[in-house]
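One-letter residues, chain by chain:
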Amino acid sequence: MSYEVYTDHRSLHYLFEQKDLNLRQWRWLELLKDYDITILYYTGKENVGWICAPNFDDLRELIIEEDYSSHYSIHPSVMEMYRDMKQHYWWRRMYNDIVGHVSWYLNYQQVKYENQITGGLLQNIDIPEKKWSELL
């Protein structure tokens, strides 16, 4: 599998082509040599800074859950959550995954115990004297 890394750091674009490397660049090159990576340079305005999340061990679901259940936000709507997440993440069918996650939580909130109307106190039922006397 090949990966494309977008950066606004011009010297990283030429990392694989440089002959003289400092110690830090050498360590990075040793780490990256096992992967099929293409480093592409984009200026700061063109580089959107997305993190492309692979679908590995439900990583995407974990990202959505973390964003949705953050202590710093109220549970957002689908569009609010998509707008926030697309600034930092990207994957194919991201919007559909967010819709599925948020709709599951909305269904859960509608049927959870706190939202049910209480039945009130129990009432005694009169016991009939004869069979079928109450039905006639």
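Residues numbered from 1 in each chain as written. Predicted model: local features only at pLDDT ≥ 70, side-chain atom pairs only at ≥ 80, totals over all residues. Heavy atoms only, no water.

Undergrad: How should I be thinking about the overall build of the protein in this particular structure?
TA: On a plain count of helices and strands, the protein comes out with five helices and four strands. Secondary structure elements in the protein, listed N-terminal to C-terminal, are β-α-α-β-β-α-α-β-α. In the protein, buried positions account for 17% of the 136 residues. Intrachain contacts of the protein at a sequence separation of at least 6 include 61% that bridge at least 24 residues. With the model as given, the accessible surface of the protein reaches about 12400 Å², and the carbon-plus-sulfur share is 55%. (Helix = DSSP H or I, 4+ residues; strand = E, 2+ residues; numbered from the N terminus. Buried < 20%, exposed > 50% of the residue type's maximum accessible area, 1.4 Å probe, protein only. Contact = heavy atoms within 4.5 Å. Areas by Shrake-Rupley, 256 points an atom, 1.4 Å probe, with all protein chains shown as cover.)

Undergrad: Would you take a moment to explain the side chain of Arg-60 for this structure?
TA: Within the element layout of this structure, Arg-60 appears in helix α3 (residues 59-68). Of the side chains with opposite charge, Asp-97 comes closest to the buried, unpaired Arg-60, at an N-O distance of 4.6 Å. There is a polar contact of 2.9 Å between the side chain of Arg-60 and the backbone oxygen of Ala-53. If we ignore the near neighbours within four places in the chain, the residues touching Arg-60 are Ala-53, Pro-54, Asn-55, Trp-91, Arg-92 and Asp-97. (Lys, Arg positive; Asp, Glu negative; His and termini not counted. Salt bridge = Lys/Arg side-chain N within 4 Å of Asp/Glu carboxyl O. Polar contact = N/O pair within 3.5 Å; in protein donor to acceptor, adjacent residues only side chain to side chain.)

Undergrad: Help me understand the pattern of salt bridges in this model?
TA: When charged atoms on two side chains of opposite charge get close, those side chains can pair. Using the criterion set out here, one finds one salt bridge in the structure. For Lys-33, the salt bridge is made with Glu-30, and the minimal N-O distance between the two is 3.2 Å. For Glu-30, a relative accessible area of 36% puts it in the partly exposed group.

Undergrad: Would you mind showing me how to read helix α2 (residues 23-32) here?
TA: Three- or four-residue spacings in an α-helix give side chains the same orientation, since the helix completes a turn every 3.6 residues. Within the sequence span of α2, burial applies to Gln-25, Leu-29 and Leu-32. Mapping the buried residues of α2 onto a view down its axis gives an arc of 70°, with all of them on the same face. Opposite the buried face of α2, by more than 90 degrees, sit the exposed residues Leu-23, Arg-24 and Arg-27. Contacts made by the buried residues of α2 are with β2 (36-41). The distance from a side-chain oxygen at the start of α2 to the backbone nitrogen of Arg-24 is 3.2 Å, and the residue carrying that oxygen is Asn-22. (Arc of directions from axis to C-beta.)

Undergrad: Got a minute to help me understand the nonpolar core in this structure?
TA: The tendency in soluble globular proteins is for nonpolar side chains to be buried as a group. Membership of the largest hydrophobic core is limited to 12 residues, which are Ala-53, Ile-63, Ile-64, Tyr-68, Val-78, Met-81, Met-85, Trp-91, Met-94, Ile-98, Val-102 and Tyr-105. When contributions to this core are tallied by element, the ones reaching two or more residues are α3, α4 (78-85) and α5 (94-111). Looking at which element gives the most residues to this core, the answer is α5, with four residues. Leu-15, Leu-29, Leu-32 and Ile-37 belong to the second largest nonpolar core, which has five residues in total. (Core = buried A, V, L, I, M, F, W, Y, C linked by side-chain atoms within 4.5 Å.)

Undergrad: I tried to follow the confidence of the model for the protein on my own but got confused; where do I start?
TA: As a note on interpretation, predicted positions should not be read in detail where pLDDT is low. Of the residues in the protein, 79% have a pLDDT of 70 or more, and the chain-wide mean is 77. Of all secondary-structure elements in the protein, the lowest mean pLDDT belongs to helix α1 (residues 10-13), at 76, while α4 reaches the highest, 87. (pLDDT = per-residue confidence, 0-100.)

Undergrad: Sorry, what's going on with a nonpolar patch on the surface here?
TA: A cluster of nonpolar side chains, contributed by Met-1, Tyr-3 and Tyr-35, occupies part of the molecular surface with about 420 Å² of accessible area. Among the secondary structure elements, Met-1 is positioned in the segment before β1 (2-7). Among the residues examined, Met-1 registers a relative accessible area of 81% and is labelled exposed. (Patch = residues over 30% accessible without salt bridge, like charges linked within 9 Å, V, L, I, M, F, W, Y side chains within 5 Å.)

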